[in-house]
Amino acid sequence: MSYSLKEELAKPERLSGGHRMCAGCGSPIAVRTVLRAVKPEDRAVVCCATGCLEVSTFLYPYTAWKDSFIHSAFENAGATISGVETAYASLKKQGKVKESCKFIAFGGDGGTYDIGFQSLSGALERGHDMVYVCYDNEAYMNTGIQRSSSTPHFADATTSPAGRVVPGKTQEKKDLTRIVAEHHIPYVAQTTFLGNFRDISEKAERAIYTPGPAFLNVMAPCPRGWRYPSEELMEITRLAVETCVWPLFEVIEGRWVLNYQPKSKLPVEEYLKRQGRFKHMFAPGNEWMIETCQKEVDRRWERLCAACNA
């Protein structure tokens, strides 16, 4: 059956409204879209690392989650969800559990690229039947917009401030999706919000219903940290894809697949100029920063195309 956004939106919500996430934030959109991919007859166990998503959706005794929910520490969402999946597998083998259950962990880039990477890597290597979803907002937003290894080159953050001496973050963004793919797990995908949400919706379903470990990396912009008007969320993600800053691809059993190739690849400044965290890059004399970013985007895009034979 062909994809229908209307039918997707008609599915029961597993994350209720009334949470405390900011207007224009990509994280709850990512969560709602991923959880819609769980079939109505299936139960889900959700684990969430400490971060914006957790503190804004689960303030005891209130919760926005309609499925079983575990708040894990910042560093061990991968270990927590894999432990629960193991217990479930044992109980099902003993005949003590009958229903079908899916295990999904959510973590921001701080809890995934950095602090939680060790437990995530271990969970993937062990082969648990689980999905890990990174909502990548490219900084430690919950605690004050500190830079992470996901923060882009030259971005202005509170611990990588742009000034006369230091031009923002001095390191390149870590390519986590590629690193995860090297774990040789059944399914890895990179996605965000584009058009009618077909890309993220179909990838979420594939991830959840592929046996074994799966990983989704979702660009989830933050209006406070990225400094864009709340209503421009979809334009920001569109430009990220059209400039190839955030390509859409998946790795299925080791086979790299490019899901979208822009008809006319836009220059990187079209994406950068919409965000206040890159404002200093457009000051006179800083043209070299934009040129550096363009070269890195082109390099990664060419390598991706080669891997996908595109």
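Cut-offs applied
- Residues numbered from 1 in each chain as written.
- Predicted model: local features only at pLDDT ≥ 70, side-chain atom pairs only at ≥ 80, totals over all residues.
- Heavy atoms only, no water.
- 1 Å grid on protein atoms, 1.4 Å probe; cavity = no way out; pocket = protein on both sides within 12 Å on 5 of 7 lines; lining within 4 Å.
- Points joined across faces, edges and corners; volume = space filled by probe spheres on them.
- Helix = DSSP H or I, 4+ residues; strand = E, 2+ residues; numbered from the N terminus.
- Nonpolar A, V, L, I, M, F, W, Y, C, P; charged D, E, K, R; others polar.
- Core = buried A, V, L, I, M, F, W, Y, C linked by side-chain atoms within 4.5 Å.
- Buried < 20%, exposed > 50% of the residue type's maximum accessible area, 1.4 Å probe, protein only.
- Expected span 1.5 Å × (residues − 1).
- Arc of directions from axis to C-beta.
- Salt bridge = Lys/Arg side-chain N within 4 Å of Asp/Glu carboxyl O.
- Axes fitted to C-alpha atoms, helices over the stretch in contact; angles between N-to-C directions.
- Contact = heavy atoms within 4.5 Å.
- Phe/Tyr/Trp six-rings, centres within 6.5 Å; stacked < 30°, edge-to-face > 60°.
- Polar contact = N/O pair within 3.5 Å; in protein donor to acceptor, adjacent residues only side chain to side chain.

A few points about the layout of surface pockets
For step 1, the next point in the chain: In this structure, the largest pocket occupies an estimated 160 Å³ of space.
For step 2, the next point in the chain: Looking at the lining of the largest pocket, the elements with two or more residues in it are α3 (52–57) and α9 (223–226).
For step 3, the next point in the chain: Looking at which element gives the most residues to the lining of the largest pocket, the answer is α3, with three residues.
For step 4, the next point in the chain: Class assignment for the residues of the lining of the largest pocket results in eight nonpolar, three polar and two charged.

So, the nonpolar core
Soluble globular proteins tend to bury their nonpolar side chains together.
For step 1, the next point in the chain: Judged by nonpolar contacts, the single largest core of 92 residues is most densely connected at W65, F106, F215, L216 and Y271.
For step 2, the next point in the chain: Top contributing element to this core by residue count: helix α12 (residues 287–308), with eight residues.

Re α12
For step 1, the next point in the chain: Counted at 1.5 Å a residue, the expected span for α12 with its 22 residues is 32 Å, and the 32 Å between its end C-alpha atoms agrees.
For step 2, the next point in the chain: Where α12 is concerned, the buried positions are M289, I290, C293, Q294, E296, V297, W301, L304, C305 and C308. Projected onto a plane normal to the axis of α12, the buried residues spread over an arc of 165° and lie on a single side. Opposite the packed face of α12, turned more than 90 degrees from it, sit the exposed residues K295, E302 and A306.
For step 3, the next point in the chain: Just downstream of α12, N309 is the residue with a positive phi angle, here 55°.

Section: the pattern of salt bridges
Think of it this way: side chains of opposite charge can pair up when their charged atoms draw near.
For step 1, the next point in the chain: The full count for this structure, using the stated rule, is 21 salt bridges.
For step 2, the next point in the chain: Between D199 and K203 there is a salt bridge, with its nearest N and O atoms 2.9 Å apart. Of the two residues, D199 and K203 are both situated in helix α8 (residues 198–208); the distance of four residues between them amounts to about one turn of the helix. Considered together, D199 and K203 belong to a single accessibility category, that of buried residues.
For step 3, the next point in the chain: Here E232 and R274 are joined by a salt bridge, their closest N and O atoms 3.5 Å apart. Pair noted here: E232 is in the loop between α9 and α10 (233–242) and R274 is in the loop between α11 (269–272) and α12, with a separation of 42 residues, a long-range link.
For step 4, the next point in the chain: A relative accessible area of 21% means that E232 is categorised as partly exposed.
For step 5, the next point in the chain: One connected set of salt bridges, linked through shared partners, spans D136, E138, K173 and R277.

Considering the packing of helix α4 (residues 77–93) against helix α6 (residues 117–126)
For step 1, the next point in the chain: In the contact formed by α4 and α6, the axes pass within 6 Å of each other and the chain directions differ by 35°. The residues of α6 that touch α4, namely those facing A77, G78, A79 and S82, are S119, L120, A123 and R126.
For step 2, the next point in the chain: Taken together, the residues of the contact of α4 with α6 break down into four nonpolar, three polar and one charged.

Focus on helix α2 (residues 27–36)
For step 1, the next point in the chain: Within α2, eight of the ten residues are buried, which leaves it mostly tucked inside the rest of the structure.
For step 2, the next point in the chain: All of the buried residues in α2 are S27, P28, A30, V31, T33, V34, L35 and R36.

Thoughts on the packing of aromatic side chains
For step 1, the next point in the chain: Counting across every chain of the model gives ten aromatic pairs.
For step 2, the next point in the chain: Note on F154 and W288: the rings are 5.3 Å apart at their centroids and 90° apart in plane angle, and the pair reads as edge-to-face. With F154 in the loop between β6 (131–136) and α7 (176–181) and W288 in helix α12, the pair connects residues that are 134 residues apart, well separated along the chain.
For step 3, the next point in the chain: With relative accessibility at 2%, the residue F154 sits in the buried group.

Topic: the side chain of D136
For step 1, the next point in the chain: Its location among the elements puts D136 in strand β6.
For step 2, the next point in the chain: Given the relative accessible area of 0%, D136 is considered buried.
For step 3, the next point in the chain: In this structure the side chain of D136 is engaged in a polar contact, spanning 3.0 Å, whose partner is the backbone nitrogen of E138.
For step 4, the next point in the chain: Dropping the residues within four chain positions of it, D136 is found in contact with D109, Y113, S150, K173, N217, V218, M219, A220, W226 and W246.

A few points about unusual backbone geometry
A negative phi angle is the norm for most residues apart from glycine, just as the trans form is the norm for most peptide bonds.
For step 1, the next point in the chain: Between Y60 and P61 the backbone carries a cis peptide bond, its omega angle lying at 10°.
For step 2, the next point in the chain: With respect to the helices, strands and loops of the structure, P61 is situated in the loop between β2 (58–59) and β3 (62–63).
For step 3, the next point in the chain: A positive phi is found at I145, a non-glycine position, where the angle reads about 65°.
For step 4, the next point in the chain: Checked against the element boundaries, I145 lands in the loop between β6 and α7.
For step 5, the next point in the chain: Among the residues examined, I145 registers a relative accessible area of 16% and is labelled buried.
For step 6, the next point in the chain: The phi torsion at H184 lies on the positive side, around 60°, for a residue other than glycine.
For step 7, the next point in the chain: Relative to the assigned elements, H184 resides in the loop between α7 and β7 (187–191).

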